[in-house]
Every structure is written in C-alpha cells, then in structure tokens.
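# Summary of structural features
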Amino acid sequence: MEFTLTKPQKEIQKAIFEFCKGEFDKEFGLDCERNRTYPNKLLEKACDLGFIGIHYPEEYLGAGLGLFEHCLVAETLCRRDSTLGLALTLTASGAEFILRSGTGDQKDRYLQQIAEGRLFSAAALVDEGLGYDFRCLKTTAAQENGQWVIDGKKSLVLNGGTAGIYVVLCRTGTETEPQEKNLTLFLVEKEAKGLTCEDAGTRISCNMLTAADLTFNQVCVPDTSRIGDVGDGYRLLNRFLDECRVVLSAQAVGIALGAYDRALAYCRERVQFGKSIGQFQITAHKLADMARQIEYARALSQKAAWHFDNGMLDPGLAAMAKLTAAQGAVAVAYEAIQLHGGYGFMTEYEVEHFYRDAKFTELFCGAGNVQRDVIAASVYNKKRS
Amino acid sequence: MEILHYTDAHEEFRLRLRGFCEKEIIPFVDEWEENHIVPKQAWKRMGEEGFLCTAVSEAYGGPGKDFLYSVIVAEELARTNHTGLAAPLHSDIVVPYIESYGSEAIKKRYLPGCVSGDIVTAVAMTEPDAGSDLAAMTTTGVEDGDEVEINGSKTFITNGINADLVVVAAIDPTLENPHQAVSLYLVKDGTPGFERGRRLEKMGFHSQDTAELFFNKCRIPVENRLGEKNMGFVMLMEKLQQERLICAVMAQFAVELIVENVTAYLKTAKDAMGKPLSKYQATNFALVEMATQARIGRTFMEKLVAEHMEGRDVVMETCMAKYWHTDLTQTISNRALDLIGEEAAAERSQILRPWRDLRVLPIFAGTNEIMKMVVGRMLQL
C-alpha cells in the first residue's frame, strides 16, 4: 500500500499548477464573481487541456481516468483559486448521472459537449422546501401517450438558467410507495416547453455560476429521456450523491489548502510587535491545527475517491469525507481570515472568499445532519432510508 | 431578579425606535447594502428623532441619558439586519472622546451636530502596518505654533466616507517611546490635505462605508487636539471599557436575533411527512444548545452593563466579553447556516447576511487574540 500519488497523477497535478500559474488572475476572478459572469475562455482552455471530464471515457473526449484524478484536478484548481476552481469544476453538475447511468444515446448526445465546455448541466433534485428529504416528492412525472409529463418545482438549482440540460428527479409512483420504488430520473433540455428558470439571486459564493428555481409546468419528455429504470431513481440518486460528495470533499481540501497557503505566507511576512506574526506561539499553533485538519481531510477524501474507483465506496465513507473536509475547510479558512486581521475581511486579500467557498461545500449536497444521517445508517449497517 | 432595570421611559424609547427602524431603516437596507453606503439623510433622521448620542449632556444639545439607552439602540439596530448605520460607533465610541477630552469650545462647536446627526464621526487608529500593534503607527502629528500638521494614512475606518469629523491618532516623531507620543486630533471634512481613499470591498458590512483615509500635510488648529499632548494612549485606555462592552452588547444581540430566526425557521419548515424540522432530535438539541449559550451570554453581558453603569472598573471583564461574545457570533451563525442547509446559502434567506457581517467582530476593535493578551496581563499570568 502506497500513500503517494503515482507518477502520472503527479504530472496531472503539475500540469494544473502550470495552467493556474499562466491563466488564473486574482482580479479577473474577483471581477467574474462581482459581475456574475462566467469565465468561458478559461473553461475552454481547461477543457482543451483535458482537465474537465478527465474521468470520462476517451470516446467522449475524456482521459478515461478515475474519480481520483478528477478529484485531484478539483483540489488543485480550488487550491489556486477557490472561486475559479469551483466554477470550472461545477459546470458539469449532474453529468455523472449520464456518465454512470445514461444510455449510449444519452452519452453520445451530451458528454462530449460537456467535456468540451460547450454545454453546462444541472442536477434538479431538491424540491421546493423539502431539502434532502425525497419521500413523497412533490415533483411528479406521469406517463401520457408514450411521453412523460413533468410537474413541480425545484429549488436553488446550480447552473439553473445556463445549463443546456437538466437531470430532474421526479416521483413516478404513488405517494404511499417507498422512495426506493417511486422515483425516476429524466433529462430535460432547456428549450423544453413549460420549463421556466427564475434566478435565485446572489449566494454565499459561486456567483459566476447561476442558480435558479425551476418550475416544470406540464413539461413533456420522451421515454428516451429517462435515465435508468422507472422507479430506480432513488438508487441512482444515492450513487450520484456519493460521487458528488467525494468530489466536494476534494474541492473542500483544495479550498483549505489555498487558504492555508495564503495564511502561511502572510504570517511569514506580516510583522507586528517587532517580529513576524508566525513567531507567536498562538499563531504557530493555529497554523499547526490548520495543517492537521487538512492532512486528515485529504487522507479521507483520497481514500473515498480510491474506494469509488475500486468499486467499493460505502455511502458512509463518502459522507464522512464530505463532512470532514467541508468542516475542515471552514475551520481552516476561518483562521486564515483571523490571521490576516482586518485584511482578512477585505475582498482583496482573498481568504474571505475561500471562507465563503468553504462554507458552500459544507452546505451544498446536504449539510451536516444530512451527512450524519447517511453515516449513521452506514455504520449501523442499516438500509439507507 | 432583573439585572438591568428598564423604566417605562426606556421602554417608550425602545418602542419609538423600533417603529422608526421598521419605517425608515428596514425598508431601505437592501438598497444601502447594494450602494455600500447609508445616505447621510438616514443619520440625520436618527438624530432628529433623538436616537444618536443619547448620553451627551444637555449642555451640548444631548439628552444626557444613561447607558441603557445606548444598549437599546444597539439592540434595535441589530434587528435591522444591517451594519451601515453604525450609530453605536458614533454615539458610544467616538463622541465620548470629544465629550471627555475636547475643550469647551470644541464641545460647543461639534457636539450639538453629533447629536442632531448633522455630524457623523469616525475614529482613525488602525494603519496598514499598525493593526494589533498600535504603537507601530507612523501617522505623525507635528505641532507648530497654532497649528498641527498631520501626515500618514489610516485604514479600515468605519463610517470613513460619511464621516464629517474624524478622531485621528497621530504620533510625535521626535519622541522615543511611542506609548508616550500619541495624541488625538479632530480633523474636519474638507480640511486641505485630508483625503478619503477607496471604499473597501469586504466579505460583509456591505452597507458600511469602511474606507482608507489619507493625511498629506493636513493642517488643523492646535485647539482641535483632544486632551493633553502625547496622552493619546492613556485616553484610548480609558475609553476601552465602553468600546469593548458595546462590541459585546452588539454581538449578544446579533446572537439572540440569529437564534430567534433560525428557531422560527426550523419550527415552520417541515419535512416531507409534515414533521417540523425542529422536532428532529439533532436539530432540537442544537437549538437548545444555541438558546442556552444565548442565555448565558445575556447574563454576562447584562452584568457588565450594570457594573459599567455603576462606574466600576470592568476593563478585564469587558475584554473577556468582547472575545467571548464575538466568538459566539461565529459558532452560532455557522451552526444556523448548517441547520438550514442549502437554502441558507442564498442571500434571500436573510440568515446569510449576518453570517457574512459578523465575521469581522472577532477582528475589529482589537482582535480577540489581543483581548486575550490584555486579560492575560491583567490576570498577571
């Protein structure tokens, strides 16, 4: 057993560092976030270099690598700039449904475009007001004349309004049926009649990506737009959430690393009371705790990614990685702000956006208690409910 | 037994202020956040209604009321969910310097305007290279006959753009020991050589016009000095108790408001089966813990307010409270977001703004690390 990156993995990491060095610009990133404009050219370049969709099969312009490598990309990009990193690695939100469970035709139609950065995708899972509770989902899909008719509302869908394709979780069974049997996933294209996206306004971070509340009013999709079997939505959803959580843990680790890098540099350079502030024991201990939190979050995150690639990912491990890494990133970025003093609160010094981005990873895809429920179900070896 | 004794007059004042906030502040908060500044007119209206500088004595146009009125203002403003109209800074931190240390002429000239809201004040101590280490300041004040020339720059100045009058800490460059070389000067808006820099872009406090200030051969009359020459540090120390107490008071009210809001949210929001989220045991316990912390915080805060009003020396305890209460805003606001989940990540949730705003509390008015250093010294550790 080896606890090091392989040579090719190290090369990926190095290539991304080079890419960030050449292409990331602090002011540009801040401007994109301020103006809520997406850095399309940057995405194009990242796609050209094969960083986006690195885990897609080669036939869809991927590199055929694993989730581990995808996570490595996410971590490294987020470390260099948490906001640009998240923006580059969240355009394909929901695409894993197609990748893992889609039909050949669905993959052919969308994956290459996604890997090229020409198409954004979105996961429309959470019903208005229901959070990560998928029992008795209010968004429904009913079969009529060989088509599916979707009705319902989804809240705060990332990429809502800009995505070309939405993966929508619907209830196809009755309310009294268990969620394990009554959910089905569908692909809805943005042009679909009856689909409206209302901008959800600014958020804690990731404002260069859009977020919207979606309304499905008698939206018709053909049966070929279905992902997986009818009634199999819950299983696929959980598989997707597991993968998503592993990626989020890597993004969180990158965010923590980036905040730590900046805090460390600042502590070396900032002089107060006649010495660099890193020479104060309390400061040094803060840095020590930050390093410690990053170490264990990273170990857990990489373990989860490795487990995924080896077909043995336990949902509990994915949730542990996500919760640990996100909480770690919040704590690390919090201290990075504190160590910067007043400058830490200023946009110009970056650590405040690392903190907001860290908190985003904590809230996104289920906050603490959602993850604890998943972990608890897993550690008690019970069926997830 | 109540620790603080609010009279009918206090309650009447509170209700009047609450009505004012509902009518003249809350509807405009989103606009002020967007504009990154509160219009001067809002300050003026606060003054007209008697909500500014409630402690200034009648001789200088104030109502000469007790500190509980300041506490009420802090509490009611906390409920407006914004920080731009920083009345506690003006009324309870800056203006007391003028009232305590200004000459009779200075007090007559400026205090009535501070009370009426015609004059907004700020205090300029922090510099780019002198934050926690205030003695490292490099802004100089050189007295030359009837005038003083100020040179240097200050940063992170609350009310920086709106300020009509700034208390500036400056050092006499001819003296060796910086602790015995700082004087406080009043610099008026429009004085040649006094320039405002950028309005600083921040994580929160968006309606607050935090700015950099520059003094370049800025000459002011020597009578604008507050107190004795070179006694700046002593004056700063004397005023620390109230400054730190007011931070703790603001933090406490912020905590209570968050607990109230997140509790209401989680009692209203229901899961798919109609069960209120507050009935989930983990959420339930979290809310209980938050409510408990808020109660403990309230007791400590009220005790310190009472002792401060009795004129007792509670500098050490107010330093403890500044760090403890402002740290509490962080644990509480972070937990509130976690309990609400994804929806809390949207600005529309209204719970996000306090999370963004409050992050500066453990930093400003002396970082919490500095508070601990001070307490450590006072405990003779």
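The structure under discussion appears in the preceding block.
Rules and cut-offs
- Residues numbered from 1 in each chain as written.
- Chains lettered and ligands numbered in written order.
- Predicted model: local features only at pLDDT ≥ 70, side-chain atom pairs only at ≥ 80, totals over all residues.
- Heavy atoms only, no water.
- Helix = DSSP H or I, 4+ residues; strand = E, 2+ residues; numbered from the N terminus.
- Buried < 20%, exposed > 50% of the residue type's maximum accessible area, 1.4 Å probe, protein only.
- Areas by Shrake-Rupley, 256 points an atom, 1.4 Å probe, with all protein chains shown as cover.
- Lys, Arg positive; Asp, Glu negative; His and termini not counted.
- Charge placed at Lys NZ, Arg CZ, Asp CG, Glu CD.
- Axes fitted to C-alpha atoms, helices over the stretch in contact; angles between N-to-C directions.
- Parallel < 35°, antiparallel > 145°, perpendicular 65-115°, else oblique.
- Left-handed = near helix turned anticlockwise from the far one by under 90°.
- Contact = heavy atoms within 4.5 Å.
- Nonpolar A, V, L, I, M, F, W, Y, C, P; charged D, E, K, R; others polar.
- Phe/Tyr/Trp six-rings, centres within 6.5 Å; stacked < 30°, edge-to-face > 60°.
- Polar contact = N/O pair within 3.5 Å; in protein donor to acceptor, adjacent residues only side chain to side chain.
- Salt bridge = Lys/Arg side-chain N within 4 Å of Asp/Glu carboxyl O.
- Buried area = accessible area lost by both parts, 1.4 Å probe.
- Expected span 1.5 Å × (residues − 1).
- Core = buried A, V, L, I, M, F, W, Y, C linked by side-chain atoms within 4.5 Å.

Secondary structure summary: chain B contains 11 helices and eight strands in total. Taken over the C-alpha atoms alone, chain B extends approximately 80 × 50 × 45 Å along its principal axes. Taken over 381 residues, chain B has a buried fraction of 58%. Surface exposure of chain B reaches about 15400 Å², of which carbon and sulfur atoms provide 54%. Of note, chain B has its 40 positive side-chain charges centred 3 Å away from the centre of its 56 negative side-chain charges.

Residues and elements named next belong to chain B. Direction vectors running N to C along helix H1 (residues 8-25) and helix H4 (residues 67-78) enclose 30°, while the axes themselves pass 10 Å from each other. With respect to their mutual orientation, H1 and H4 come out roughly parallel. Along this stretch, H1 crosses H4, giving a crossing that reads as right-handed. Of the residues in H4, those touching H1 at Ala9, His10, Phe13, Arg14, Leu17, Arg18, Cys21 and Ile25 are Leu68, Tyr69, Ile72, Val73, Glu75, Glu76 and Leu77. Partitioned by chemical class, the residues of the contact of H1 with H4 number 10 nonpolar, one polar and four charged.

Attention now moves to the packing of aromatic side chains. Think of a pair of aromatic rings as described by two things: how far the centres are apart, and how the planes are tilted against each other in angle. All names here are of chain B. What the rule picks out here adds up to 21 aromatic pairs over all chains. When the centroid spacing of 5.1 Å and the interplanar angle of 10° are considered together, the rings of Phe194 and Phe215 count as stacked. Of this pair, Phe194 sits in strand E6 (residues 194-199) while Phe215 is found in strand E7 (residues 211-221), placing the two residues 21 residues apart along the sequence. When its relative accessible area of 8% is taken as the criterion, Phe194 is described as buried. Residue class for Phe215 comes out buried when judged on its relative accessible area of 3%.

So, about the environment of Asp144 of chain B. Of note, Asp144 of chain B is situated in strand E2 (residues 140-144). One polar contact links Asp144 of chain B to Arg219 of chain B, side chain to side chain, over a distance of 2.9 Å.

What follows deals with the pattern of salt bridges. If the charged atoms of two oppositely charged side chains come close together, the side chains can form a pair. All names here are of chain B. Counted under the stated rule, the structure contains 60 salt bridges over all chains. One salt bridge connects Lys44 with Asp118, and the closest N-O pair in it is separated by 3.1 Å. Here Asp118 lies in the loop between helix H6 (104-116) and strand E1 (121-124) and Lys44 lies in helix H3 (residues 40-48), a separation of 74 residues in the sequence. Note that Asp189 and Arg196 form a salt bridge whose closest N and O atoms lie 2.7 Å from each other. The class for Asp189 is partly exposed, based on a relative accessible area of 42%. With a relative accessible area of 25%, Arg196 lands in the partly exposed category.

With that settled, the discussion passes to the interface of chain A and chain B. Taken together, the contact between chain A and chain B spans 42 residues of the former and 47 residues of the latter. Roughly 3700 Å² of surface becomes buried between chain A and chain B when both sides are summed, with 56% attributable to carbon and sulfur atoms. When the area that chain A buries against chain B is broken down by residue, the three leading residues are Phe273, Phe345 and Leu363 of chain A, summing to 19%. At the boundary of chain A and chain B, one finds seven salt bridges. Between Asp129 of chain B and Arg270 of chain A there is a salt bridge, and its shortest N-O distance comes to 3.7 Å.

Attention now moves to unusual backbone geometry. The phi torsion of most residues other than glycine is negative, and most of the peptide bonds are trans. Phi at Leu61 of chain A takes a positive value of approximately 70°, unusual for a residue other than glycine. Along the chain, Leu61 of chain A falls in the loop between helix H3 (40-48) and helix H4 (67-80).

Once that is clear, we can look at helix H9 (residues 233-269) of chain A. With 37 residues, H9 of chain A should reach 54 Å at 1.5 Å per residue; the first-to-last C-alpha distance of 53 Å fits that figure. Within H9 of chain A, 30 of the 37 residues are buried, leaving the element largely enclosed by the surrounding structure.

Residues and elements named next belong to chain A. Of all hydrophobic cores here, the largest spans 159 residues; its most connected members are Phe19, Leu88, Leu125, Ile150 and Val188. When residues of this core are assigned to their parent elements, the largest contribution, 20 residues, is made by H9. Residues within four places of Ile150 in sequence aside, it is in contact with Thr139, Thr140, Ala141, Cys170, Phe186, Val188, Phe216, Asn217, Gln218, Val219 and Val221.

Mapped onto the elements of the fold, Glu33 of chain B is located in helix H2 (residues 29-35). The contacts of Glu33 of chain B, once residues within four sequence positions are left out, are His82, His206, Ser207, Arg353 and Arg356 of chain B.

Residues and elements named next belong to chain A. The buried fraction of helix H5 (residues 82-89) is high, at eight of eight residues. Taken as a whole, H5 has its buried residues at Ser82, Thr83, Leu84, Gly85, Leu86, Ala87, Leu88 and Thr89. For H5, the secondary structure elements touched by its buried residues are helix H1 (7-23), helix H2 (26-35), H3, H4, H9 and helix H12 (351-363). Here H5 starts with a cap whose side-chain oxygen sits 3.0 Å from the backbone nitrogen of Thr83, and that cap is Asp81.

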